[in-house]
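Examining the three-dimensional arrangement
If you want the building blocks of each chain, they are given just below.
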Amino acid sequence: MSRMVSKRKRSSREDYPLSEQLKIEEGVFERRTMLHIKKLFTRNIISKLEFIIAKGKEADVYIADHGSSVPSDFVAVKIFRLETSSFEKRTDYINGDPRFFRIKSGISGIVNEWCKKEYSNLRIAEAAGLHSPKPYLFNGNILAMEFIGDSEGKPSQSLKAAGAADPVNALDSILEDMKKLYSRDLIHGDISEYNILMKDEVPYLIDFGQAVVKDHPKAEEFLKRDISVILSYFRKNYGISRNEDESFKQITS
Ligand SMILES: Nc1ncnc2c1ncn2[C@@H]1O[C@H](COP(=O)(O)OP(=O)(O)O)[C@@H](O)[C@H]1O
Ligand SMILES: [Mg+2]
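Residues numbered from 1 in each chain as written. Chains lettered and ligands numbered in written order. Predicted model: local features only at pLDDT ≥ 70, side-chain atom pairs only at ≥ 80, totals over all residues.

**What about the overall build of the protein?**
Looking only at helices and strands, the protein has nine helices and ten strands in total. Taking contacts inside the protein between residues at least 6 apart in sequence as the whole, the part at least 24 apart equals 60%. (Helix = DSSP H or I, 4+ residues; strand = E, 2+ residues; numbered from the N terminus. Contact = placed C-beta atoms within 7 Å.)

Next up, the structure:
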């Protein structure tokens with residue numbers, strides 16, 4: 001963390017001492033990522049970056065101790081990888097969304113736009129009253145949000161891992177949240193038992209990067225797919241049978 005508080009200016013990567021270059025190359029944090037993380041400290045969102053809690057395809061999620069401007073004990077910090085190339089195929093979600101028509105070229109431009117998109121989608125979710133992490137701040141490829149877990153810093157498990165003690169209630173809560181989101185013109189677009197965390201038996205929707213507005217050309221297709229995925233999870237695991245068309249009508253009415 002000492003690099004973050006360093007005030008020394010370095011003009012290029014070559015100026016880094018070799019030991020630091022190696023540290024960065026070996027995959028702790030890329031230089032731009034470090035600079036972006038710094039803002040979380042200066043804005044008092046976090047006071048200490050702790051450790052990684054999940055490694056994903058495009059992003060890693062860390063737990064951090066909160067700073068003075070955040071009420072809860074912990075903060076989840078999602079760090080999108082800049083070297084990833086899997087974002088190139090994601091332009092399908094970004095193109096067609098009128099909110100994101102100016103994308104800087106290059107992979108970091110796409111990643112930063114994606115991160116900003118997840119932040120603004122989480123804000124919409126918060127305003128709609130969903131069970132979802134409250135967003136705190138985004139900066140470049142970094143997104144800080146409410147930590148979904150217990151007071152000791154243990155992250156909540158996914159629905160896939162934890163299951164639901166009261167599956168009918170859990171399913172109703174998820175469908176209700178999808179309806180609330182839809183009422184704010186947004187569709188999650190990647191709902192599954194992996195993108196739902198179970199905290200005290202309440203399902204929390206996470207991973208809003210790909211969420212699209214209702215006007216998106218594939219909005220209906222994405223919503224129908226979300227419904228189909230979640231209903232089939234509850235059908236296969238708990239024998240709950242719900243009609244997909246009925247659920248679609250209920251969410252969109
Ligand atoms: N706010 C959060 N609180 C606790 N854990 C989280 C939070 N956000 C993400 N995670 C953990 O990180 C994992 C990856 O996050 P996710 O947003 O789904 O990214 P990805 O795009 O890599 O799937 C999640 O499956 C979950 O285990
Ligand atoms: Mg996910």
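**So, the site of ligand 1**
Close contacts around ligand 1 come from 20 residues, with Ala-54, Gly-56, Val-61, Ala-76 and Asp-207 the closest. Elements with a contribution of two residues or more to the shell around ligand 1: β1 (46-55), β2 (59-66), β3 (74-80) and β5 (142-146). Split into classes, the residues belonging to the shell around ligand 1 amount to eleven nonpolar, four polar and five charged. Formed jointly, the shell around ligand 1 draws a minimum of three residues from each of two domains, domain 1 (8-146) and domain 2 (157-252). (Near = placed C-beta within 6 Å. Nonpolar A, V, L, I, M, F, W, Y, C, P; charged D, E, K, R; others polar. Domains from an automatic or database assignment.)

**Examining the pairing of strand β8 (residues 196-199)**
Inspection of the sheet shows strand β6 (residues 157-158) paired to β8 by two bridges, in the antiparallel sense. Note that in β8 the partner of Ser-158 across the bridge is Leu-197. The pairing of β8 with strand β9 (residues 202-205) spans four bridges and is antiparallel. In the strand pairing of β9, Lys-199 is matched with Val-202. What sits between the antiparallel neighbours β8 and β9 is a turn of two residues, in which Asp-200 has the positive phi angle 50°. (Pairing = 2+ DSSP bridges.)

**What about the nonpolar core?**
The biggest cluster of nonpolar side chains holds 59 residues, and the ones touching the most others in it are Val-75, Val-77, Cys-115, Ile-142 and Ala-144. Broken down by element, this core gets its largest block of residues, seven residues, from helix α5 (residues 107-127). Residues lining this core come from more than one domain, with at least three contributed by each of domain 1 (8-146) and domain 2 (157-252). Excluding its chain neighbours within four sequence positions, the residues that come into contact with Ile-142 are Thr-33, His-36, Ile-37, Leu-40, Val-77, Ile-79 and Cys-115. (Core = buried A, V, L, I, M, F, W, Y, C linked by C-beta atoms within 7 Å. Buried ≥ 20, exposed ≤ 12 C-beta atoms within 10 Å, placed from the backbone.)

**Section: helix α7 (residues 167-183)**
Helix length check: α7, at 17 residues, gives a terminal C-alpha distance of 24 Å against a target of 24 Å (1.5 Å per residue), a fit within 8%. Buried within α7 are the following residues: Ala-170, Leu-171, Ser-173, Ile-174, Asp-177, Met-178 and Leu-181. Taken end-on, α7 shows its buried residues confined to a sector of 160°, consistent with a single buried face. Check the buried side of α7 and you find it contacts α5, β7 (186-187), β8, β9, α8 (219-238) and α9 (244-252). Downstream of α7 by one or two residues, Asp-185 has phi in the positive range, about 70°. (Expected span 1.5 Å × (residues − 1). Arc of directions from axis to C-beta.)

Remember, this is a structural readout, not a statement about activity or role.
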